[in-house]
Structures are given as structure tokens and as C-alpha cells.
Amino acid sequence: MDKCSPIILVSACLLGQKVRFDGQSRPTDLGCLINKGCLLLPICPECAGGLPIPRSPCEIEFSGNAKGVLDKQSRVLSVNGRDCSDQYRKGALHCLKTAQSVNASFALLKEKSPACGVCFIHSGNFDGQIREGRGVLAELLHQSGIKIFSENQIPQLMLAVEKS
Ligand code: SF4
């Protein structure tokens, strides 16, 4: 791939795709990346793992974290108490394989999601509270050497792309 055309994995909901649990999107202006010549590749790990749209909201359980989910030591639970950990692991692996197949070095992921969160996730109690932590895909990409950024870190992503 041309060094001038870095490929960036992007949470599909940030690109306007209606893939969120509530059937909505979170469109974000990514014109600066497109103007830089970046190729944006939409991914939705929750959908890739087989979860439907719409779906019950999920959170990583209060006592757990994303690394634990990948290691099968923690769970991702729906608001109804359903264990969705397998779908989150499957979706994360699918997105990692996609990233590796196109040599993507960067990912721009939706903050606070149990799959995509980069710096923060929900508490695990479905109480609207936020805690520090990564989503399951973000953790897997991080462990695999792919640089992850949230929609709140686009200037930092731009800088990293320029240096690459
Ligand atoms: Fe967006 Fe990621 Fe949630 Fe899919 S899993 S809806 S891409 S935040």
C-alpha cells in the first residue's frame, strides 16, 4: 500500500452507519483524515460477532475488563443478564483479521463502547456511570500493535499518521 494512503479502521457508527444497539449512528466529521488521503475502513465488532440491530445494550461486567473478556476471565453482559462474551470475542477477532489483511496500522474507535471504547467504558452496572478501560476490540487491537484512537483524539491520530 502507498505510504501516503494509510488505512484506518473506523467504528462504522462514526461513519454514519446505523449499527448501534439502538439502530442509530454517531456520525463524526472525518474530513481531515480523508483530505490527508487516508482510506477509512468501517468495522462494527458487535455486528461482526453476530449481534443483531437493534440489540440490548451490553457492558463489561463491573468486576471485569476487556483483557479478562479476551482471556475468558470476565464477561460482557446484556442489560437482561445475557452473556454475550462469545460474540464480542468473535467480532473482535474478525476485525483484527480484517485489519491485518489490509495492513492497517491505526484504528479510530467510538469511545465508551464495550467493544470499541479506547479510554473509557461504562461501569458494568447499567447506571450511566463511566470508568477507565478499553472495549474488547480496542484491547485486542492494542495487544496486536495497532494504534487506537477515539473520536476525541482525532488530532493525535492525524499526528501519528503524519509521522508514519
Ligand atoms: Fe459503533 Fe463499535 Fe458499537 Fe459497532 S460496536 S455500534 S462500531 S461503537
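This report concerns the structure included in the present document. Since this is a predicted model, take the numbers as computed values, not measurements. Counting restarts for each chain: residues are numbered from 1 in the order of the written sequence. Only residues with pLDDT of 70 or above have their local features reported here, since the model is predicted, and side-chain atom pairs are shown and tallied only from 80 upward, although totals for entire chains, interfaces and linings are computed over all residues. Neither water nor hydrogens contribute to the side-chain values; these are computed over all heavy atoms in the structure.

## A few points about the site of the ligand
Here's step 1: Only a single heavy atom is needed: when it lies within 4 Å of a molecule or strand, its residue is near that molecule or strand. Neighbouring residues of the ligand: 14 residues in total, closest C13, C44, E46, K110 and C116.
Here's step 2: The pocket and cavity definitions rest on a 1 Å grid over protein atoms only: a 1.4 Å probe that fits but cannot leave marks a cavity, an open set with protein on both sides within 12 Å along at least five of seven lines marks a pocket, and residues lining either have an atom within 4 Å of a point. Throughout, a molecule is located in a cavity or pocket provided that more than half of its atoms lie within 2 Å of its grid points. Taken atom by atom, the bulk of the ligand overlaps the largest pocket.
Here's step 3: Charged residues are taken to be Asp, Glu, Lys and Arg, nonpolar residues to be Ala, Val, Leu, Ile, Met, Phe, Trp, Tyr, Cys and Pro, and polar residues to be all remaining types, Gly included. Its residues assigned to classes, the shell around the ligand comprises eight nonpolar, two polar and four charged.

## Details of the layout of surface pockets
Here's step 1: Grid points are joined across faces, edges and corners, and a volume is the space filled by probe spheres set on the points. For the largest pocket, the calculated volume is near 420 Å³.
Here's step 2: In this structure, the largest pocket is lined by 25 residues; those nearest its centre are R20, F21, E46, S113 and P114.
Here's step 3: Only α2 (45-48) and β3 (58-60) provide two or more residues apiece to the lining of the largest pocket.
Here's step 4: Taken together, the residues that form the lining of the largest pocket break down as 14 nonpolar, four polar and seven charged. Counting from the N terminus, the helices are the DSSP runs of H or I reaching at least four residues and the strands are the DSSP runs of E reaching at least two.

## Some points on the packing of helix α4 (residues 85-101) against helix α5 (residues 136-143)
Here's step 1: Axis definition: a line fitted to C-alpha atoms, over the contacting stretch in the case of helices. Angles run 0 to 180 degrees between N-to-C directions. It is the contact of α4 with α5, at a shortest axis distance of 9 Å, that shows an interaxial angle of 45°. Regarding the angle of α4 to α5, the classification is oblique. The handedness of the crossing between α4 and α5 comes out as right-handed. Of the residues in α5, those touching α4 at Y88, A92, L93, C95 and L96 are V136, L137, L140 and L141.
Here's step 2: Here the residues of the contact of α4 with α5 are counted per class, giving nine nonpolar, no polar and no charged. By definition in this entry, angles of less than 35 degrees are roughly parallel, angles greater than 145 are roughly antiparallel, angles of 65 to 115 are roughly perpendicular, and the rest are oblique. Handedness of each helix crossing follows the sense of rotation of the near helix against the far helix: counterclockwise by less than a right angle gives left-handed, clockwise gives right-handed. Any pair of residues with heavy atoms lying within 4.5 Å of one another is described as a contacting pair.

## Quick word on the environment of F21
Here's step 1: Along the chain, the position of F21 falls in the loop between β1 (7-11) and α1 (31-35).
Here's step 2: Buried means the residue's accessible area, taken with a 1.4 Å probe over protein chains only, is under 20% of the maximum for its type, while exposed means over 50%, and partly exposed covers the values in between. Owing to a relative accessible area of 32%, F21 belongs among the partly exposed residues under this scheme.
Here's step 3: Discounting residues that sit within four places of it in the chain, F21 has contacts with P54, R55 and P57.

## Describing the side chain of E139
Here's step 1: The topology assignment puts E139 in helix α5.
Here's step 2: For E139, a relative accessible area of 10% corresponds to the buried category.
Here's step 3: What qualifies as a polar contact is a pair of N or O atoms within 3.5 Å, subject to a donor-acceptor requirement within protein and to the restriction that residues adjacent in sequence count only when both atoms come from side chains. At a separation of 2.8 Å, a polar atom in the side chain of E139 contacts the side chain of Q143.
Here's step 4: Setting aside residues no more than four positions away along its own chain, E139 makes contact with A66, K67, L70 and R134.

## Overview of helix α6 (residues 154-163)
An α-helical turn contains 3.6 residues, so a residue and the one three or four places further along point in the same direction.
Here's step 1: I154, L157, M158, A160 and V161 are the residues of α6 that are buried. Buried residues of α6, seen end-on, are gathered within an arc of 165° and therefore sit on one face of the element. More than 90 degrees from the buried face of α6, the exposed residues found are P155 and K163.
Here's step 2: On its buried face, α6 is in contact with β1, α1, β5 (106-109) and β8 (147-150). In this description, one arc is meant: the one made by directions from the helix axis to the C-beta atoms.

## Comments concerning the pattern of salt bridges
Here's step 1: Whenever Lys or Arg places a side-chain nitrogen within 4 Å of a carboxyl oxygen from Asp or Glu, that contact is recorded as a salt bridge. Per the stated rule, a full pass over the model turns up eight salt bridges.
Here's step 2: Residue R89 is joined to D86 by a salt bridge in which the shortest nitrogen-to-oxygen separation is 2.7 Å. Taken together, the residues span about one helical turn, with R89 and D86 both in helix α4 at a distance of three residues.
Here's step 3: Judged by its relative accessible area of 16%, R89 is buried.

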